[in-house]
Amino acid sequence: MLCDGRLVCGCADPYGQRVLGDARVSSIREVWAGETITTLRAALNQGGSSFCGDCPLKLPLKRDEQPPVRPLDAGALPGRMFIECTAACNISCTQACCAPETGITRTRQAGMLDFELFRRVIDEAGPSLGRIDFFNYGEAFLNKRAVEMCAYIKTHFPHIYLYTSTNGLALSEEKARELVHSGIDEVTFSIDGATPESYVQYRGRGKFDVAMRNLRAMVDEKRKAGRDLPY
């Protein structure tokens, strides 16, 4: 789910070009069983779909290989979702399609994921979800309610494996410690350098010391609280 509520196939659609539906006007159930995605499933069973366009996740069939045929009815609701809080980012990574200079935010109809839309989607899909990847394009924690969203997911649906990836720079030390207690299962800090000098070769405008400070704060809080998670 993009931060404006539109639903796309997966994480390889940075500019929202392959839209399956819109959670602002439809339920997740309606989109999941809707004409667009049902037609797509049928086309994939026949060997491919023009809907997929230039999606890099496509797997071409080998010579004489028959396409795998899967049920058109994929169940009432999905088992996994990516939730995008925002497509905005606070740094500029080398060759990243979500760097501010690419204009990715102009491809979204809202800058930040609305909390009430988020809550409605999670309340509906939560019972069926086994995993939520709480990020997509942009830096999730630029959304001021991102930590609250994590806590909402784990409070209401503790069975969901909740994972996020962050550059660590939008968190304050206080928010980093709060995230530990949200119940989140796994957090990746994308740092890409062991020294300030190597870090900035990739993470343009980033601050190595801030990222490491917030990482250390999470580790410290986890140890002080005697928690096994987040990993």
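For the structure, check the block above.
Described in the following lines is the structure provided in the data block. (Residues numbered from 1 in each chain as written. Predicted model: local features only at pLDDT ≥ 70, side-chain atom pairs only at ≥ 80, totals over all residues. Heavy atoms only, no water.)

### Thoughts on the environment of serine 182
- Locating serine 182 in the fold gives a position in the loop between α5 (173-180) and β7 (186-189).
- For the pair serine 182 and lysine 154, spaced 28 residues apart in sequence, the C-alpha to C-alpha distance is 7.0 Å.
- Among residues more than four places away in sequence, those in contact with serine 182 are Val147, Cys150, Ala151 and Lys154.
- A polar atom in the side chain of serine 182 sits 3.3 Å from the backbone nitrogen of isoleucine 184. (Helix = DSSP H or I, 4+ residues; strand = E, 2+ residues; numbered from the N terminus. Contact = heavy atoms within 4.5 Å. Polar contact = N/O pair within 3.5 Å; in protein donor to acceptor, adjacent residues only side chain to side chain.)

### Notes on the layout of surface pockets
- Counted as a void, the largest pocket has a volume near 1300 Å³.
- If you go around the largest pocket, you meet 40 residues; those closest to its centre are Cys9, Gly10, Leu40, Leu44 and Cys52.
- Among the elements that take part in the lining of the largest pocket, helix α2 (residues 35-45) stands out by supplying 5 residues, more than any other.
- Here the lining of the largest pocket is composed, by residue class, of 26 nonpolar, 7 polar and 7 charged.
- Counted as a void, the second largest pocket has a volume near 300 Å³.
- Along its surface, the second largest pocket is lined by 16 residues, and Cys98, Asn136, Gly138, Ser190 and Arg203 are the ones closest to its centre.
- The class makeup of the residues in the lining of the second largest pocket is 8 nonpolar, 6 polar and 2 charged. (1 Å grid on protein atoms, 1.4 Å probe; cavity = no way out; pocket = protein on both sides within 12 Å on 5 of 7 lines; lining within 4 Å. Points joined across faces, edges and corners; volume = space filled by probe spheres on them. Nonpolar A, V, L, I, M, F, W, Y, C, P; charged D, E, K, R; others polar.)

### With respect to the pattern of salt bridges
- This model, assessed by the stated rule, comprises 17 salt bridges.
- Between aspartate 4 and arginine 6 there is a salt bridge, with the nearest N and O atoms lying 2.9 Å from each other. Considered together, aspartate 4 and arginine 6 belong to a single accessibility category, that of buried residues.
- Aspartate 133 is the salt-bridge partner of arginine 80, the closest N and O atoms lying 2.8 Å from each other. Of this pair, arginine 80 sits in strand β3 (residues 80-82) while aspartate 133 sits in strand β5 (residues 131-133), placing them 53 residues apart in sequence.
- Among the residues examined, arginine 80 registers a relative accessible area of 45% and is labelled partly exposed. (Salt bridge = Lys/Arg side-chain N within 4 Å of Asp/Glu carboxyl O. Buried < 20%, exposed > 50% of the residue type's maximum accessible area, 1.4 Å probe, protein only.)

### Observations concerning the packing of aromatic side chains
- Enumeration according to the criterion identifies 7 aromatic pairs in this entry.
- A ring pair is formed by phenylalanine 115 and phenylalanine 118, whose centres lie 5.6 Å apart and whose planes are at 45 degrees; its orientation type is tilted. Of this pair, phenylalanine 115 and phenylalanine 118 both sit in helix α3 (residues 115-125), 3 residues apart, which is roughly one turn of that helix. Phenylalanine 118 shares its class with phenylalanine 115; the two are buried.
- In this structure an aromatic cluster arises from ring pairing among Phe82, Phe135 and Tyr163.
- In this structure, arginine 41 is placed above the aromatic ring of tryptophan 32, and the distance from its NZ or CZ to the ring centre is 4.8 Å.
- In this structure, arginine 145 packs its charged tip against the face of phenylalanine 115, placed 3.9 Å from the ring centre. (Phe/Tyr/Trp six-rings, centres within 6.5 Å; stacked < 30°, edge-to-face > 60°. Lys NZ or Arg CZ within 6 Å of the ring centre and 35° of its normal.)

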